[in-house]
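# Per-entry structural report
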Amino acid sequence: MKPVSTFVVSPTLPPALAPLKELAYNYWWCWNNDATDLFRRIDPVLWESVRHNPVALLARLSHDKLQAVAERADFVNQLGEVHAEFRAYMDERGWYATLEQRPAAYIAYFCAEFGIHESFSSYSGGLGVLAGDHLKSASDLGLPLIGIGLLYQEGYFRQYLTQNGWQNEQYLEVDFHSLPLTPVLRADGSAVTISVDMPAGTCHARIWRLNVGRIPLYLLDTNIKENTDPILRDVTDRLYGGDVTMRLMQEKLLGVGGVRALQAIGIEPAALHINEGHAAFSMLERTRLMMERFGMTFSEAWRITQGSSVFTTHTPVPAGNEVFEHETLRQFFEAEAASLGLSWNDFIALGAQQDASTEAGFSMTVLGLRGSSYRNGVSQLHGEVARDMWKSVWSGFGKDEVPIHGLTNGVHTSTWVAPEIADLYDRYLGLAWRSAPHDPASWEQIDSIPNMELWRAHVRRRERLVIGAREHILSKHSASLTAEQASHIHDCLDPDVLTIGFARRFATYKRADLLMYDMDRLSRLVNHATRPIQVILAGKAHPKDGAGKELIQSVHQKIKEYGLDHRIVVLEDYEMDVARLMVRGCDIWLNTPRRPYEASGTSGMKAALNGVMHCSILDGWWAEAYDGTNGFAIGRGEEFEPAEQDSADALTLYDIIEHAIVPRFYDVGSGRVPERWTAMMKECIRTLAPQFSALRMVQDYTTQAYRPAMARYRDLTEHNGQAVREADRFFRTIDAVWSKVNVRSVTIHGAEGAHVGKEIHVAAIIDLGELSPDQVIVQAVHGRVDSHHTISPATAVSMRYVGSSDGAAHYEGEYRCEESGVQGCTVRVLPTHSTIPNDPDVFSVVYANGHS
């Protein structure tokens, strides 16, 4: 039955409750405990039923119920206080406004998923939740940042497990009108739309806005009448859904369509931040706009895009970096390549590490790396791994010179800290931890919290976790449970037992089954008469990851086989509400990835905020966070063959649990408080809460990446792009004459009898061909010499031009020996231009032993 017309009916709020709508339509409420409590108080049962969605809550309430709430003076008073706090937050200037150099322009943040809250199903896991925390923190800091993403009609799948532990997926349609979304409209009331050409035809999308504090998030939706072809209408159907063709359509819409959406809204960003390769096509569309605006060639406009773009890679697993076959890609971008003035070979070279003709396909990560000037991994270790993975893009330079930084992730403090723990912080630390959680000084008074109070607050959170886990299991299977099964669930887990949490995506490299390597030993730990442990696991496997699904099933079946389901449970359908429950209530947060495949791992940071201690392989963030006093390390960062690694790590893990964790946890005195445990909780909070705050992370992005990118955009676009036109001419000249550049000779003085602290003098004679000394830099490159007779790591020292003779330029320089051992030195020449912030990005270099 089809309607003849459709329209949206909004709830009518009594005047006393009018501020509720403004609060409901801004996700600020989700990280303010008073605001969350306000909505819960209206109808606690309905609040749970609508998955903590205030817009849906208000829509479901009867007029009589709303009127009754409006007559409750205590509620109206609390509403007034919360609304005043919200308005004060929205009006305050923020950290960014205090900066002396703050360009009055926007940063556009592109991501395929955003994990703001469980009521908005637009995330699959860590990448999306990180993006949500990024927006929240940008809001807290007052950054001029705008989010760009897709609005999925069915979001990400809901997980349910069969009796034998096999994952099934269920997709539920999302009612956009029951979410805090508003369509972007023109002055005449019509919807603002954009279009992108696809092989199936022109794909149209409307734009919705969702407010995350002071940050607008714009989302594209293709389920509109203008798309008469179901294929085009379903582009934004599911997050990471469909085949390769659907993924390409989604990523073209996100990248190309996202830039067009900003243009349609009237926003010209000075900087782009591409959060993972899914949105890297935005760089091509931005370049096209620069070509049109300034009448430039692709090469000239591409330099503007490069100079003003930031790219973050999250994937140290090679297979996780998206690569599209060239012929598949051709269907989507052959016409675009021509409109950019590129041959097809030139176009696919943008996604090639070295030679597109010999590579399997077009890499979205490489496109992101080539189209940006600031690139980063998401931890210090991941930065090292990424430099090694992608060093061939900068083949003439050493691995340590590859311009990919390590900028470690952080988490949004107010979102993840438990209310009971937050109350303790307020009383004993003051309020600085709320406004400046990234400042170590905010946490200096952590020892002033009495151990008894910290422990009682934590015990309450563990009790809530146990009750919440039972309710969660019952809610997922209530229709099919027998009375005996329901009774068993009510008895599972114990609020007084040491609780270990493991929650993350079920990918094989994360080794969710490592704890079950020796089931007999695990059984003894779980069933110990006086000092037992219990384990709560959660996580989804990607719908197409058969090995991940088998891993879930294996874990599920081992628990049943050994009769441990009273103390080890798997919570299905892992979402942000379950995550909050777990990171606030466990005693230990377990992480067992196969090093070095964990890029960061933010769930442990969330747990640490609550004094939940991390026990992990030294991978991702934990490799730089662990100091020997603030948690537990499994191993020392060793890397073996997989089978040997699993055996060594499992045995180490059992020993840590049995001989370090369990005795400390159960060592309680007459006051029933484990003093050594609570002391360690405090050290965990003191050292980790500030360092891994998302406010620190976003401040780092602002100072290291955003402001420099915005300044370059200003410099490169002023005077009708004069600087990039000159730069392009310069590098065209370099390409034409670079083959004539040669290092004729190198002389090194001081190598004999060298010792630590001795100065080494280097002289070189360079044939510059048609170039002048001010067009190049000459460097002495020195460092340890490895077994492959390679200088690694290398340090480059600029040499001075001292004159010319016999048609060659003479250079000199010095450096001091900093360490003993076999050392080496060479000389290299590379072009230099003020528009290039990183030496390796010139991509042309000549060494003393020939061209590279």
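Treat the numbers as computed from the prediction; the structure is a model and nothing was measured.

## Topic: the sheet that holds strand E20 (residues 631-634)
Sheets are built from strands paired through backbone hydrogen bonds, the pairs being either parallel or antiparallel. The parallel open sheet is built from six strands, whose spatial order is E17-E16-E15-E18-E19-E20. Pairing within the sheet leaves two strands with one partner each, and these edge strands are strand E17 (568-571) and E20. The sheet shows a mean angle of 20° between the axes of neighbouring strands, taken without regard to direction. Contacting strand E15 (498-503), strand E16 (533-538), E17 and strand E18 (588-591), helix H23 (residues 576-585) crosses the sheet at an angle of about 145° to E15.

## Description of the state of the cysteines
Applying the stated criterion across every chain, the model contains zero disulfides. Here Cys-30 stays free of any disulfide, with the sulfur of Cys-111 as its closest cysteine sulfur at 17 Å. Overall, Cys-30 belongs to the buried group, its relative accessible area being 14%. Cys-586 takes part in no disulfide bond, and the closest cysteine sulfur to it belongs to Cys-615, at a distance of 13 Å. Judged by relative accessible area, which is 0%, Cys-586 ranks as buried.

## Some thoughts on the side chain of Thr-602
Relative to the helices and strands, Thr-602 resides in the loop between E18 and helix H24 (603-609). When sequence neighbours within four positions are dropped, the list of residues in contact with Thr-602 reads Leu-130, Asn-409, Gly-410 and Val-411.

## Considerations on the packing of helix H21 (residues 519-526) against helix H26 (residues 642-665)
Relative to each other, H21 and H26 sit at 15°, their axes nearing to 11 Å. Taken together, H21 and H26 sit at an angle that is classed as roughly parallel. The way H21 lies across H26 gives a crossing that is left-handed. The residues of H26 that touch H21, namely those facing Arg-521, Leu-522 and Leu-525, are Leu-651, Tyr-654, Asp-655, Ile-657, Glu-658 and His-659.

## Comments concerning the pattern of salt bridges
Taken as a whole, this structure holds 54 salt bridges when the rule is applied. Between Lys-476 and Asp-573 there is a salt bridge, with the nearest N and O atoms lying 3.1 Å from each other. Linking Lys-476 in helix H19 (residues 451-477) with Asp-573 in the loop between E17 and H23, this pair joins segments that are 97 residues apart in sequence. Judged by its relative accessible area of 30%, Lys-476 falls in the partly exposed class. In this structure Asp-573 comes out as buried when scored by relative accessible area, which is 2%. A salt bridge links Arg-800 to Glu-812, with the shortest nitrogen-to-oxygen separation between them at 3.8 Å.

## Overview of the nonpolar core
Core analysis: the largest hydrophobic core is formed by 178 residues, its most contacted members being Leu-20, Phe-281, Phe-347 and Tyr-706. It is helix H28 (residues 694-737) that contributes the most residues to this core, 16 residues altogether. Contact partners of Leu-20, with chain neighbours within four places excluded, come to Leu-13, Leu-38, Phe-39, Ile-42, Leu-58, Phe-75 and Leu-79. Core analysis: the next-biggest nonpolar cluster, separate from the first, contains 102 residues, Val-466, Trp-589, Trp-622 and Phe-692 among them.

## Looking at the pairing of strand E3 (residues 158-161)
When E3 meets strand E4 (residues 167-170), the two strands line up antiparallel, connected through four bridges. Across the sheet, Arg-158 pairs through a bridge with Gln-170, a residue of E4. What sits between the antiparallel neighbours E3 and E4 is a turn of five residues, in which Gly-165 has the positive phi angle 90°.

## Topic: the packing of aromatic side chains
Under the counting rule described, the total for this entry stands at 32 aromatic pairs. Ring geometry for Phe-281 versus Phe-333: centroids 4.4 Å apart, planes at 40°, classification tilted. Of this pair, Phe-281 sits in the loop between strand E9 (269-275) and helix H10 (282-294) while Phe-333 sits in helix H12 (residues 326-339); the two residues are 52 residues apart in sequence, bridging distant segments of the chain. Judged by its relative accessible area of 0%, Phe-281 is buried. Phe-333 gets classed as buried once you look at its relative accessible area, which sits at 1%. Ring geometry for Trp-621 and Phe-692: centres 4.9 Å apart, planes at 80°, overall edge-to-face. Note that Trp-621 is positioned in the loop between strand E19 (613-617) and helix H25 (622-625) and Phe-692 in the loop between helix H27 (675-688) and H28, a separation of 71 residues in sequence. Residue Trp-621 shares its accessibility class with Phe-692, and that shared class is buried. Through successive ring pairs, a cluster of aromatic residues spans Phe-281, Phe-333, Trp-344, Phe-347 and Phe-362. Between Lys-252 and the ring centre of Phe-333, over which it is positioned, the NZ or CZ distance is 4.7 Å. Lying across the ring of Phe-157, Lys-540 places its NZ or CZ 4.9 Å from the centre.

Rules used in this analysis
- Residues numbered from 1 in each chain as written.
- Predicted model: local features only at pLDDT ≥ 70, side-chain atom pairs only at ≥ 80, totals over all residues.
- Heavy atoms only, no water.
- Pairing = 2+ DSSP bridges.
- Helix = DSSP H or I, 4+ residues; strand = E, 2+ residues; numbered from the N terminus.
- Axes fitted to C-alpha atoms, helices over the stretch in contact; angles between N-to-C directions.
- Contact = heavy atoms within 4.5 Å.
- Disulfide = S-S within 2.5 Å.
- Buried < 20%, exposed > 50% of the residue type's maximum accessible area, 1.4 Å probe, protein only.
- Parallel < 35°, antiparallel > 145°, perpendicular 65-115°, else oblique.
- Left-handed = near helix turned anticlockwise from the far one by under 90°.
- Salt bridge = Lys/Arg side-chain N within 4 Å of Asp/Glu carboxyl O.
- Core = buried A, V, L, I, M, F, W, Y, C linked by side-chain atoms within 4.5 Å.
- Phe/Tyr/Trp six-rings, centres within 6.5 Å; stacked < 30°, edge-to-face > 60°.
- Lys NZ or Arg CZ within 6 Å of the ring centre and 35° of its normal.

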